[in-house]
Amino acid sequence: MTTDSSPSTQPGPAVSAEALPALQRRISRVLMASQIVSGLGVPISIALAPVLATEISGTEELSGLASSAAVAGTALVSLPLAALMTARGRRPGLVLGYLTGALGGVLVVVAAMAESFPLLLLGMALFGAASSANLQARFAAADLAEPDHRARAISTVVWASTLGAVLGPNLSAPASRSFDGTSIPGTAGPFVWAAGIFVLAAVVVGVLLRPDPLLTARALAGPAGQTAAARSLKAAFAAVKASPRARLALVTIAVSHTTMVSIMVMTPLDLGHHGAGLELIGLVISIHIAGMFAFSPVMGWLADRLGRLSVIGLSAGLFSLAALLAGTAGPRHGQTTAGLFLLGLGWSAGMVSGSALLTDSVPQAARAGVQGLSDLTMNTAAGVGGTAAGLVVAQAGYGWLNAIGAALLVPMAGLALFTARRSASE
């Protein structure tokens, strides 16, 4: 049988069944190391993006555009990175994502020095590519995992983000002070650190992520699906269309991320309206982040042990309880904190189970493209949700925002129930 010998279709190295578990463990360790490093980059600087936008534009009305540009960049780069991974493997796609994020950080610094708002938005959009690489890394962990360990493999990489997500914001102040006395504004200093962090993550992946997990998985799958047509984005759309479980996975990932982002971004504002200081607000968000990442291995274990659909149902329940607690808390800050913690747990359950189900539900050749489509859908929906959240709070209040967030869960829960009943009848 002849195959296309172009670099884009070269299979990965042959790996024996005996060597596969050790290789999977090494790939997971490399991905965890890259997540720990790169996980510092985004939170160390993203909190200062609105401040920097205000300084450059001269008005608070445009402050949200910097963060919105980063979200848009994360979404827009998802499919190009997925296409590159489909053609060349995980390693070049992840490296390109991190290096593009580093370039974005440099442009943000240049924009701050030149006081150029358009250049700031361009830099923030490119900066978002690093977030896209972080998201794609969770799928790389599943490439070589056994089907009944896939969710745990994904959750381990998600868990590795905990350190950066918690520690990163605390590095913003020293990163700003590190450029005192230079021509670089203090608010741009964290972006210099972030650029260096992303370069380091690219080096870790480029040097250590060998053999490439996606190409190795493709080689293990045999000659089926080795053609370029089978790995195209068109094939990815067709794979989702043909699989009800893949559609459920896409809905779960998008709804989970949108619900979490929409409620989370408005919580500091609501806490402030009820007398909370910056220290308490920071603590609440830290507890929320701990709920998102620290318990992901538990969600992975549950998804492998009880099934993806069961954990999707758990996600819907956690989100509903979170919206009830946060939306009715008012001045009761402890109740808000509990709600935000459950909001993080709901995101973790939905993201891990949805990502595992998506990987399970499509052919190996189409997985990278489908996963890129998933991240595009997720980030686009969350960007719209985060923008709309401010309007909802301004017009109706924080309680109604939580009610709408809970309403978003209805199609996800309904589709999960329909899929479960359909599977039981087959």
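Nothing here was measured: the structure is a model prediction, and the numbers come from that model. (Residues numbered from 1 in each chain as written. Predicted model: local features only at pLDDT ≥ 70, side-chain atom pairs only at ≥ 80, totals over all residues. Heavy atoms only, no water.)

(A) Seen up close, the nonpolar core. Trp-347, Leu-358 and Val-370 are the most contacted members of the largest nonpolar core, which totals 67 residues. Among all residues touching Trp-347, those that are not within four sequence positions of it are Val-158, Ser-256, His-257, Met-260, Met-292, Phe-293 and Phe-319. Counting residues in each nonpolar core, the second largest holds 55 residues, with Ile-44, Ile-184, Ala-202 and Ala-368 among its members. (Core = buried A, V, L, I, M, F, W, Y, C linked by side-chain atoms within 4.5 Å. Buried < 20%, exposed > 50% of the residue type's maximum accessible area, 1.4 Å probe, protein only. Contact = heavy atoms within 4.5 Å.)

(B) Looking closely at unusual backbone geometry. In this model, Arg-210 is joined to Pro-211 through a cis peptide bond whose omega is -5°. On the secondary structure map, Pro-211 appears in the loop between helix 9 (189-208) and helix 10 (213-220). Positive phi outside glycine occurs at Glu-115, with the angle close to 55°. Relative to the helices and strands, Glu-115 resides in the loop between helix 5 (90-114) and helix 6 (117-140). (Helix = DSSP H or I, 4+ residues; strand = E, 2+ residues; numbered from the N terminus.)

(C) The pattern of salt bridges, seen in detail. Enumeration according to the criterion identifies 6 salt bridges in this entry. Here Arg-152 and Asp-304 are joined by a salt bridge, their closest N and O atoms 2.9 Å apart. Residue Arg-152 is found in helix 7 (residues 150-167), and its partner Asp-304 is found in helix 14 (residues 296-306); the two are separated by 152 residues along the sequence. On the accessibility criterion, Arg-152 (28% relative accessible area) is partly exposed. For the salt bridge of Arg-308 with Asp-360, the shortest nitrogen-to-oxygen distance reads 2.8 Å. Here Arg-308 is found in helix 15 (residues 308-327), whereas its partner Asp-360 is found in helix 16 (residues 333-361), with 52 residues between them in sequence. Residue classification places Arg-308 among the buried positions, given a relative accessible area of 10%. (Salt bridge = Lys/Arg side-chain N within 4 Å of Asp/Glu carboxyl O.)

(D) Summary view of the side chain of Thr-337. By the secondary structure assignment, Thr-337 is in helix 16. Accessibility expressed as a relative area gives 15% for Thr-337, which makes it buried. Once you skip the residues sitting within four places of it in the chain, Thr-337 turns out to touch Val-284 and Ile-287.

(E) Just the packing of helix 14 against helix 15, in detail. It is at 6 Å that the axes of helix 14 and helix 15 come closest, and there the two elements cross at 135°. Taken as axis vectors, helix 14 and helix 15 run oblique relative to one another. Touching Met-299, Leu-302, Ala-303, Asp-304 and Leu-306 of helix 14 are Arg-308, Ser-310, Val-311, Leu-314 and Leu-318, all from helix 15. Taken together, the residues that form the contact of helix 14 with helix 15 break down as 7 nonpolar, 1 polar and 2 charged. (Axes fitted to C-alpha atoms, helices over the stretch in contact; angles between N-to-C directions. Parallel < 35°, antiparallel > 145°, perpendicular 65-115°, else oblique. Nonpolar A, V, L, I, M, F, W, Y, C, P; charged D, E, K, R; others polar.)

(F) A look at the side chain of Gln-24. Mapped onto the secondary structure, Gln-24 falls in helix 1 (residues 20-46). Among residues more than four places away in sequence, those in contact with Gln-24 are Ala-141, Leu-144, Ala-145 and Ala-153.

(G) Up close: the packing of helix 18 (residues 398-407) against helix 19 (residues 409-425). The interhelical angle for the contact between helix 18 and helix 19, taken along N-to-C directions, is 20°, at an axis separation of 5 Å. Considered as vectors, helix 18 and helix 19 are oriented roughly parallel to each other. From helix 18, Gly-405, Ala-406 and Ala-407 reach across to helix 19, where they touch Leu-409, Val-410 and Pro-411. Split by residue class, the contact of helix 18 with helix 19 holds 5 nonpolar, 1 polar and no charged.

(H) Fine view of helix 17 (residues 367-395). Relative to the 42 Å expected for 29 residues at 1.5 Å per residue, helix 17 spans 41 Å between its end C-alpha atoms, a close match to the ideal helical length. Just downstream of helix 17, Gly-397 is the residue with a positive phi angle, here 110°. (Expected span 1.5 Å × (residues − 1).)

(I) Looking closely at the confidence of the model for the protein. Model confidence for the protein is summarised by a mean pLDDT of 88, while 93% of its residues fall at 70 or above. Mean pLDDT across the elements of the protein bottoms out in helix 8 (residues 172-177) (82) and peaks in helix 15 (97). Scored below 50 in pLDDT, residues 1-9 makes 13 contacts in the model with residues more than four places away or belonging to other chains. (pLDDT = per-residue confidence, 0-100.)

(J) Spotlight on helix 19. The first and last C-alpha atoms of helix 19 sit 24 Å apart over 17 residues, in line with the 24 Å expected at 1.5 Å per residue. Buried within helix 19 we find Leu-409, Met-412, Ala-416 and Thr-419. End-on view of helix 19: buried residues confined to an arc of 100°, all on one side of the axis. Summarising the geometry of helix 19, the exposed residues directed more than 90 degrees from the buried face are Val-410, Arg-421 and Ser-425. Structurally, helix 19 contributes buried residues whose contacts are with helix 12 (244-273), helix 15 and helix 18. (Arc of directions from axis to C-beta.)

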